[in-house]
Amino acid sequence: MNFFVLQGVIELKESHPIDEDVKSKINIFLDRFYTNRIGIRVLINQHILLYGSQLTNHPHHVGCIDPNCDVVEVVKDAFEKAKFLCEQYYLISPDVDIITHNPYEMNRPINIVYVPSHLYHILFEVLKNAMRAVVETHSKETEVPKIKVLICKGQKDLTIKVSDQGGGVPYNKVHKLFEYMYSTAPTPNWKGDGTAPLAGYGYGLPLSRIYARYFKGDLVLSSVEGYGTDAFVYLKVLSNEANECIPVYNKTSSKMYDTHISASDWTQTKR
Ligand code: W6P
């Protein structure tokens with residue numbers, strides 16, 4: 001990722017405790033910043049791939065967009081990579097069960113118009129988190145429960161549900177997983193040699209949600225504390241609904257940073 005911003009956030013986090021209010025503003029800023037960055041990179045990529053002289057080994061792609069992105073294939077790729085990292089760290093990794101359901105196109109592979117690298121990034125991150133939770137909760141056992149992936153293409157949504165039995169997260173902590181300055185793993189050392197840690201910067205999930213939202217999708221976590229977590233990746237089936245979603249910059253955009261002050265009565269869910 002972007003090394004300088006990452007380093008800045010780490011230094012800020014280490015120097016002194018940060019006010020929740022400031023944290024939420026930094027979150028909003030980084031969400032907007034990275035959405036923009038993704039948008040710009042897609043534009044640059046599209047230009048280079050469409051107008052450059054570089055030969056591509058994906059003749060059916062339109063720039064970095066695959067009009068027939070095979071979701072199952074991407075899930076399998078992301079799983080293999082996450083499994084590799086997980087085994088490096090823990091010497092064990094959970095297996096995966098992939099179930100597909102394509103009720104409106106019977107017996108057809110599940111395809112959508114998408115940027116495969118974005119989908120890969122999202123799934124890799126979700127699967128890494130699921131694997132870490134499973135292995136760490138079942139560390140004393142010789143066998144660990146499988147991760148279940150359900151891929152379903154509806155008429156509007158393509159949903160990918162990743163279910164783990166990794167012990168879950170308390171309801172009032174789930175939102176923290178999407179904070180850039182929060183990580184449950186110790187901050188890894190930046191080796192700069194291309195080797196990736198399994199977890200630790202606290203960037204994976206917030207960025208994955210940014211990637212999902214970029215084309216009007218989403219990433220939602222739903223946890224059963226004491227049992228496990230379901231991660232839902234929502235993507236648009238209809239490409240005309242999957243338009244680019246980038247932050248606005250106008251006189252009112254600073255209002256995004258105004259913290260929402262909620263009445264402290266029992267109608268508000270307390271965190
Ligand atoms: C957990 C925490 C988490 C985050 C994202 C995806 C899956 C999981 N499982 O325990």
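From a predicted model like this one, the values you see are computed outputs, not experimental measurements. (Residues numbered from 1 in each chain as written. Predicted model: local features only at pLDDT ≥ 70, side-chain atom pairs only at ≥ 80, totals over all residues. Heavy atoms only, no water.)

J.: A description of the pattern of salt bridges should follow, citing residues and the corresponding values.
T.: Following the criterion strictly, the structure yields eleven salt bridges and no others. We note a salt bridge from D95 to K83, for which the minimum N-O separation is 3.5 Å. Taken as a pair, D95 in the loop between helix 3 (71–90) and strand 2 (96–101) and K83 in helix 3 lie far apart in primary sequence, twelve residues in all. Here K83 falls in the buried class, since its relative accessible area comes to 17%. R213 is paired through a salt bridge with D218; the nearest N and O atoms lie 3.0 Å apart. Residue R213 is classed as partly exposed on the basis of its relative accessible area, which comes to 36%. On the basis of relative accessibility, which here comes to 23%, the residue D218 falls in the partly exposed class. Taken together, the shared-partner salt bridges connect K83, E87 and D95 into one network. (Salt bridge = Lys/Arg side-chain N within 4 Å of Asp/Glu carboxyl O. Helix = DSSP H or I, 4+ residues; strand = E, 2+ residues; numbered from the N terminus. Buried < 20%, exposed > 50% of the residue type's maximum accessible area, 1.4 Å probe, protein only.)

J.: Give me the sheet that holds strand 6 (residues 218–224): which residues, what numbers.
T.: The strand order 2-4-5-7-6 describes an open sheet built from five strands, whose pairing is mixed. Each end of this open sheet is capped by a strand with a single partner; those strands are strand 2 and strand 6. Strand-to-strand twist in this sheet, taken as the mean axis angle between neighbours without regard to direction, amounts to 15 degrees. As judged from the eight bridges shared by strand 5 (residues 157–164) and strand 7 (residues 228–236), these two strands associate in the antiparallel manner. Considered in strand 7, the bridge of L158 is made with L235. Here helix 4 (residues 116–137) sits on the sheet and contacts strand 4 (147–153), strand 5, strand 6 and strand 7; the angle it forms with strand 5, its principal contact strand, is near 20 degrees. (Pairing = 2+ DSSP bridges. Axes fitted to C-alpha atoms, helices over the stretch in contact; angles between N-to-C directions. Contact = heavy atoms within 4.5 Å.)

J.: Hey, could you go over a nonpolar patch on the surface for me, with residue numbers and the actual values?
T.: On the surface, I40, I44 and I48 cluster together into a nonpolar patch covering about 260 Å² of accessible area. Secondary-structure assignment places I40 in helix 2 (residues 20–51). (Patch = residues over 30% accessible without salt bridge, like charges linked within 9 Å, V, L, I, M, F, W, Y side chains within 5 Å. Areas by Shrake-Rupley, 256 points an atom, 1.4 Å probe, with all protein chains shown as cover.)

J.: Could you give an account of helix 3, with specific residues and numbers?
T.: Counted at 1.5 Å a residue, the expected span for helix 3 with its 20 residues is 28 Å, and the 28 Å between its end C-alpha atoms agrees. Listed as buried for helix 3 are V71, V72, V74, V75, A78, F79, A82, K83, L85 and C86. Of the surrounding elements, those touching the buried residues of helix 3 are strand 1 (66–70), strand 2, strand 3 (111–114), helix 4, strand 4 and strand 5. N-cap assignment for helix 3: the residue whose side-chain oxygen lies 3.2 Å from the backbone N of V72 is D70. After helix 3 finishes, the residue L91 shows a positive phi value of roughly 65 degrees. (Expected span 1.5 Å × (residues − 1). Polar contact = N/O pair within 3.5 Å; in protein donor to acceptor, adjacent residues only side chain to side chain.)

J.: Please set out the site of the ligand residue by residue, giving values where relevant.
T.: Around the ligand, the surrounding shell consists of V126, N129, A130, A133, D164, V169, L205, L221 and T229. Contact between the ligand and D164: a nitrogen atom at 2.8 Å from a side-chain N or O atom of the residue. Interatomic distance of 3.4 Å between a side-chain N/O atom of T229 and an oxygen atom of the ligand. When the free accessible area of the ligand is taken as 270 Å², the share hidden by the protein chains comes to 93%. The dominant element in the shell around the ligand, judged by the number of residues it contributes, is helix 4, at four residues. When its residues are assigned to classes, the shell around the ligand shows six nonpolar, two polar and one charged. (Near = heavy atom within 4 Å. Nonpolar A, V, L, I, M, F, W, Y, C, P; charged D, E, K, R; others polar.)

J.: Outline the nonpolar core, supporting the account with residue identities and numerical values.
T.: Core analysis: the biggest nonpolar cluster contains 62 residues, and V71, L119, I151, L158, I160, V162 and Y203 have the highest contact counts within it. Among the elements that take part in this core, helix 4 stands out by supplying ten residues, more than any other. The contacts of V162, once residues within four sequence positions are left out, are V126, L127, A130, I147, K148, V149, T229, D230 and A231. (Core = buried A, V, L, I, M, F, W, Y, C linked by side-chain atoms within 4.5 Å.)

None of the figures reported here should be taken as evidence of function without further support.
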